[in-house]
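The lines below spell out each chain.
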Amino acid sequence: MRLSRFFLPLLKETPSEAQIVSHRLMLRAGMLRQEAAGIYAWLPLGHRVLRKIEEIVRQEMDRAGAVELLMPTLQLADLWRESGRYDDYGAEMLRITDRHERELLYGPTNEEMITEIFRAYVRSYKALPLNLYHIQWKFRDEQRPRFGVMRGREFLMKDAYSFDLDEAGGKAAYNRMFVAYLRTFARMGLKAIPMQAESGPIGGELSHEFIVLAQTGESAVYLDRRILDLPIPDETVDYGSDLAGVVADWTGRFYAATEDVHDPSRFEARTPEDDRVTARGIEVGQTFFFGDKYSKPMKAVVSGPDGVERPAQMGSYGIGVSRLLGAIIEASHDEAGIIWPEPVAPFGVGIVSLRPGDPAVDAACEKAYDALTAAGKEPLYDDTDDRPGAKFAAMDLIGLPWQLIIGPRGLAEGQVELKRRATGERQSVSLARALEIVGA
RNA sequence: CGGGGCGUAGCGCAGCCUGGUAGCGCAUCUGCUUUGGGAGCAGAGGGUCGCAGGUUCAAAUCCUGCCGCCCCGACCA
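Quick caveat, the model's predicted, so the values are computed rather than measured.

Calculation rules
- Residues numbered from 1 in each chain as written.
- Chains lettered and ligands numbered in written order.
- Predicted model: local features only at pLDDT ≥ 70, side-chain atom pairs only at ≥ 80, totals over all residues.
- Heavy atoms only, no water.
- Phe/Tyr/Trp six-rings, centres within 6.5 Å; stacked < 30°, edge-to-face > 60°.
- Helix = DSSP H or I, 4+ residues; strand = E, 2+ residues; numbered from the N terminus.
- Buried < 20%, exposed > 50% of the residue type's maximum accessible area, 1.4 Å probe, protein only.
- Lys NZ or Arg CZ within 6 Å of the ring centre and 35° of its normal.
- Core = buried A, V, L, I, M, F, W, Y, C linked by side-chain atoms within 4.5 Å.
- Domains from an automatic or database assignment.
- Contact = heavy atoms within 4.5 Å.
- Salt bridge = Lys/Arg side-chain N within 4 Å of Asp/Glu carboxyl O.
- Near = heavy atom within 4 Å.
- Polar contact = N/O pair within 3.5 Å; in protein donor to acceptor, adjacent residues only side chain to side chain.
- Nonpolar A, V, L, I, M, F, W, Y, C, P; charged D, E, K, R; others polar.
- Buried area = accessible area lost by both parts, 1.4 Å probe.

**Student:** Looking at this structure, I do not really get the packing of aromatic side chains. What am I missing?
**Tutor:** Here a ring pair, both rings aromatic, is described through the centre-centre distance and the interplanar angle of the planes. In total, this model carries 14 aromatic pairs according to the counting rule given. Note on tyrosine 174 and tyrosine 317: the rings are 6.1 Å apart at their centroids and 55° apart in plane angle, and the pair reads as tilted. Placement of the pair is tyrosine 174 in helix 6 (residues 167-187) and tyrosine 317 in strand 16 (residues 313-320), with a sequence separation of 143 residues. A single burial state applies to tyrosine 174 and to tyrosine 317, both of which are buried. A network of ring pairs unites the aromatic residues Phe178, Tyr181, Phe185 and Phe210 as a single cluster. One cation-aromatic arrangement involves arginine 95 over tyrosine 86; the distance from NZ or CZ to the ring centre is 4.5 Å.

So this is what it looks like as structure tokens:
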């Protein structure tokens, strides 16, 4: 992409509504525009990151055996009356009436709808286990939206729903999602720690919150340092095998709790003083196993091998896709701007032309642009007439992993400059060598 | 939902107390000069002062109501 053809409305000054660093940086980097409290338009740069995150989530869900579908944003109130949650949910649920006076709601989650779909088609244990997921916009009418995408009202969420015949099957499904979550967040460059959680309005007794550690996190967390060194299952993990051991490693060995459920005396009893860490965290996902909480009232039953019908054992598994943008920035930035982990960066390499119009500079930039494009590195080529200083500041702000700086001075000596955004490290090398280093 | 604050040009703000018909910086546009870490000079465009009433010869300014947004708390993916 040529910057002169892109839409990247950078702000030099910080809009006054933005309080936390991720919100400020997303606005300044031209990723996001607020349209109403907690409701945002995703500008091209933000949209590219959103899609990258979504794709990682999708790949890991598919790998774990989940099947993607897409449910609507609007749901009938009657469906929610079946589970009893229409009245329970309160003012957080956005309720809408159509021209026929039909009561609708903008879905805050989809347990009822997925259960309705399941019961319409699935009758036999032979179709199980089944895990269906979608990535869709949700709406929760927060009393006080804040922190940009970290706590918006409209947000993009991946939610998966597992169906099994019995509790053992349901817990195995839970474990598969648990492992998939470890992998998903790790692939985005995040340390997300599963912590014992309250299950809130979703219900159920088995639940974990996945918490990203960041100094600016919304809530305090307490954990055993050693949990940070536990290995993440690699891509060869066998989702057909028993994963209870992996889950037990992450949940049973070391203390980790959010402030809501923190128990100081247990923390001190289980964790040596030197390993006790108090930090702040951002919740990016939550897993629930809730058995027949929805399947029973909604009559989603399957026949077992014995011919007896019983309610499906269900779990649900959410990831805050749009919130992850904020969480990643909170965990990865400096004074100059964002530092994107490579897998979610909107572009892989920024090419900075220090003198557009100079034949040698133009030729070198074009060559780099073609090579990087061909190698799938998704370059962003700053071919504008801005001054060098402005270009450097812009590149640092938008946080691409690499900056390839090409100017007449260096080219005269056969060199370009390659800068690593994360470390600030620069090296002067030949263009060919620079392309080799970034993998083109 | 309790408490507080703010709505003036795309962004950041001053002006309001003490009414006299709107200003600064950045950004934008034009020209010239510049060009390796957010350039300089000269000129230009852009605002029903959140909305609706009211007071007044006159309202950004005073009064009333409404709307929107932000912050602290309670609550939450």
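**Student:** Would you explain the nonpolar core in this entry?
**Tutor:** Side chains that are nonpolar tend, in soluble globular proteins, to be buried together. Met31, Ile53, Phe185, Met188, Val284, Leu325 and Trp340 are the most contacted members of the largest nonpolar core, which totals 83 residues. If you tally residues by element for this core, the top one is helix 6, at nine residues. Both domain 1 (3-338) and domain 2 (347-438) contribute no fewer than three residues apiece to this core. Every residue in contact with leucine 325, bar those within four places of it in the chain, is listed here: Met26, Met31, Trp42, Gly46, Val49, Leu50, Ile53, Val149 and Trp340.

**Student:** Explanation requested: the pattern of salt bridges in the structure shown.
**Tutor:** Where charged atoms of side chains with opposite charge meet at close range, the side chains can pair. For the structure on display, the rule yields 32 salt bridges. The partner of glutamate 35 in a salt bridge is arginine 33, and the shortest N-O contact between them spans 3.9 Å. Three or more residues joined by partner-sharing salt bridges are found here, namely Glu54, Glu55, Arg58 and Glu68.

**Student:** Help me out: how do you make sense of the protein's contact with RNA strand B in this one?
**Tutor:** As a matter of local geometry, RNA strand B sits amid 41 residues, with Arg144, Gly152, Glu283, Asp396 and Arg426 nearest to it. Near the protein, within 4 Å, the atoms of RNA strand B are sugar or phosphate in 45% of cases. Within the contact set of RNA strand B, a phosphate oxygen lies 2.5 Å away from a side-chain nitrogen or oxygen of arginine 144. Between RNA strand B and the protein, one listed contact pairs a base oxygen with a side-chain N or O atom of arginine 387 at 2.8 Å. Those elements giving two or more residues to the surface near RNA strand B turn out to be strand 1 (32-36), strand 13 (276-291), helix 11 (388-398), helix 12 (408-412) and strand 22 (416-420). Per-element accounting of the surface near RNA strand B gives the leading share, six residues, to helix 11. Classifying every residue of the surface near RNA strand B by side-chain character gives 12 nonpolar, 10 polar and 19 charged.

**Student:** When you look at the domain arrangement of chain A in this model, what are you seeing that I'm missing?
**Tutor:** Quoted interface sizes are often the accessible area lost when the parts come together. Considered domain by domain, chain A is made up of domain 1 (3-338) and domain 2 (347-438). Between the C-alpha centres of domain 1 and domain 2 there is a distance of 38 Å. Residue-level contacts link 15 residues of domain 1 with 13 residues of domain 2. Both faces considered, domain 1 and domain 2 share a buried interface measuring about 1300 Å² in area, 60% of it formed by carbon and sulfur atoms. Area buried by domain 1 at its contact with domain 2 is led by Leu3, Arg48 and Ile338, which between them contribute 41% of it. Across the domain 1-domain 2 interface, the total number found is three salt bridges. Put simply, glutamate 378 and lysine 52 hold a salt bridge, and the shortest N to O gap is 2.4 Å. When residues of the side of domain 1 that touches domain 2 are traced back to their parent elements, those giving at least two are helix 1 (21-28), helix 2 (44-63) and strand 18 (337-338). Residue contributions to the side of domain 1 that touches domain 2 peak at three residues, all from helix 2. Grouping the amino acids of the side of domain 1 that touches domain 2 by side-chain chemistry returns nine nonpolar, two polar and four charged.

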